[in-house]
Amino acid sequence: AYGGALGLISASDIVIAESRSKFCFSEAKLGLIPGTIAPFVVKKIGAAQCRRFFLTAEVFDSKVATNIGLVSEQTDNLDESEETLKKQFRQNSPSGMNVSKYLINEVEARIVTGGVSTPLRRFTAELLSKQRGSKDAQDGLKAFLNKSKPSYDKSI
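Attention in this report is confined to the structure presented alongside it. On a predicted model such as this, the values are computed, not experimentally measured, just so you know.

Quick look at unusual backbone geometry
Point 1. At A57, a position not held by glycine, the phi torsion is positive, near 50°.
Point 2. Non-glycine residue K147 carries a positive phi angle of around 55°.
Point 3. Along the chain, K147 falls in the segment after α8 (135-146).
Point 4. You can call K147 exposed: its relative accessible area is 79%.

Written out as structure tokens, the structure reads:
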């Protein structure tokens, strides 16, 4: 993946790359800058890594991509990794996953503006309380206590 494709990768929650994959922020070689993708990439891998890879336009492998946080996992078997993830997703509550994504985004934004503050801790406690009362949470907790599967578990 080169150039703009790395913006799509940076905007993704989970990225699995083949071990043989190569990456490059190639814009500087063309006299350009990665302006459109920069907000996503800086958020994903941080400014220090962007300084290196934006300025050098060097090609790097999936091991480096994993180490800097651009890639979640490197594998020699994409199909197997995909199936493992899909199985894990099917076992989870849809609302639990959706609210978790919301939680991550809100906490990240609030830490930037105010650190780990009392209002942030209050927000996370209130969100947890609200989710705990959801149908999925009630179903999941009941299933856990009964050592059974919740109704939303679509695993095989």
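On we go.
As for the environment of F53
Point 1. With respect to the helices and strands, the residue F53 is situated in helix α3 (residues 47-56).
Point 2. Taking the C-alpha atoms as reference, F53 lies 9.8 Å from F23; in sequence the two are 30 residues apart.
Point 3. Discounting residues that sit within four places of it in the chain, F53 has contacts with F25, E58, F60, V64 and I68.

Overview of the pattern of salt bridges
Between side chains of opposite charge, a pair can form when the charged atoms approach closely.
Point 1. Inspection of the entire model under this criterion finds seven salt bridges.
Point 2. Between E18 and R20 there is a salt bridge, with its nearest N and O atoms 3.0 Å apart.
Point 3. On the accessibility criterion, R20 (66% relative accessible area) is exposed.
Point 4. The residue E82 makes a salt bridge to K86 at a minimum N-O spacing of 3.6 Å. In this pair, E82 and K86 are both assigned in helix α5 (residues 78-90), four residues apart and thus about one turn of the helix distant.

Notes on the packing of helix α2 (residues 38-45) against α3
Point 1. In the contact formed by α2 and α3, the axes pass within 7 Å of each other and the chain directions differ by 120°. As the angle between them shows, α2 and α3 are arranged oblique. Residues A38, V41, V42 and I45 of α2 form the contact with α3, whose own contacting residues are A47, Q49, C50 and F54.
Point 2. Counted by class, the contact of α2 with α3 contains seven nonpolar, one polar and no charged residues.

Focus: the side chain of D136
Point 1. Note on placement: D136 falls in helix α8.
Point 2. At 5.3 Å, K135 is the nearest oppositely charged side chain to D136, a buried residue that forms no salt bridge.
Point 3. In this structure the side chain of D136 is engaged in a polar contact, spanning 2.6 Å, whose partner is the side chain of S93.
Point 4. If we skip the residues at most four places from it in the chain, D136 touches S93, P94, S95, G96 and Y152.

What to know about the packing of aromatic side chains
Point 1. Counted according to the given criterion, the structure contains five aromatic pairs.
Point 2. The interplanar angle of 25° and the centroid separation of 6.3 Å between the aromatic rings of F25 and F60 together place this pair among those described as stacked. You can see F25 sitting in the loop between β2 (22-23) and α2 and its partner F60 sitting in strand β3 (residues 60-61), a full 35 residues away along the chain. A single burial state applies to F25 and to F60, both of which are buried.
Point 3. An angle of 65° between the planes, with centres 6.0 Å apart, marks the rings of Y102 and F123 as edge-to-face. Here Y102 is found in helix α6 (residues 94-114), whereas its partner F123 is found in helix α7 (residues 118-132), with 21 residues between them in sequence.
Point 4. Residue classification places F123 among the buried positions, given a relative accessible area of 12%.
Point 5. Each member of the aromatic cluster is reached from another via a ring pair, and the members are F23, F25, F53, F54 and F60.
Point 6. Seen from the ring of F123, R110 lies directly overhead, with NZ or CZ sitting 4.0 Å from the centre.

Conventions and cut-offs
Residues numbered from 1 in each chain as written. Predicted model: local features only at pLDDT ≥ 70, side-chain atom pairs only at ≥ 80, totals over all residues. Heavy atoms only, no water. Helix = DSSP H or I, 4+ residues; strand = E, 2+ residues; numbered from the N terminus. Buried < 20%, exposed > 50% of the residue type's maximum accessible area, 1.4 Å probe, protein only. Contact = heavy atoms within 4.5 Å. Salt bridge = Lys/Arg side-chain N within 4 Å of Asp/Glu carboxyl O. Axes fitted to C-alpha atoms, helices over the stretch in contact; angles between N-to-C directions. Parallel < 35°, antiparallel > 145°, perpendicular 65-115°, else oblique. Nonpolar A, V, L, I, M, F, W, Y, C, P; charged D, E, K, R; others polar. Lys, Arg positive; Asp, Glu negative; His and termini not counted. Polar contact = N/O pair within 3.5 Å; in protein donor to acceptor, adjacent residues only side chain to side chain. Phe/Tyr/Trp six-rings, centres within 6.5 Å; stacked < 30°, edge-to-face > 60°. Lys NZ or Arg CZ within 6 Å of the ring centre and 35° of its normal.

Distances and angles like these do not, on their own, reveal function.
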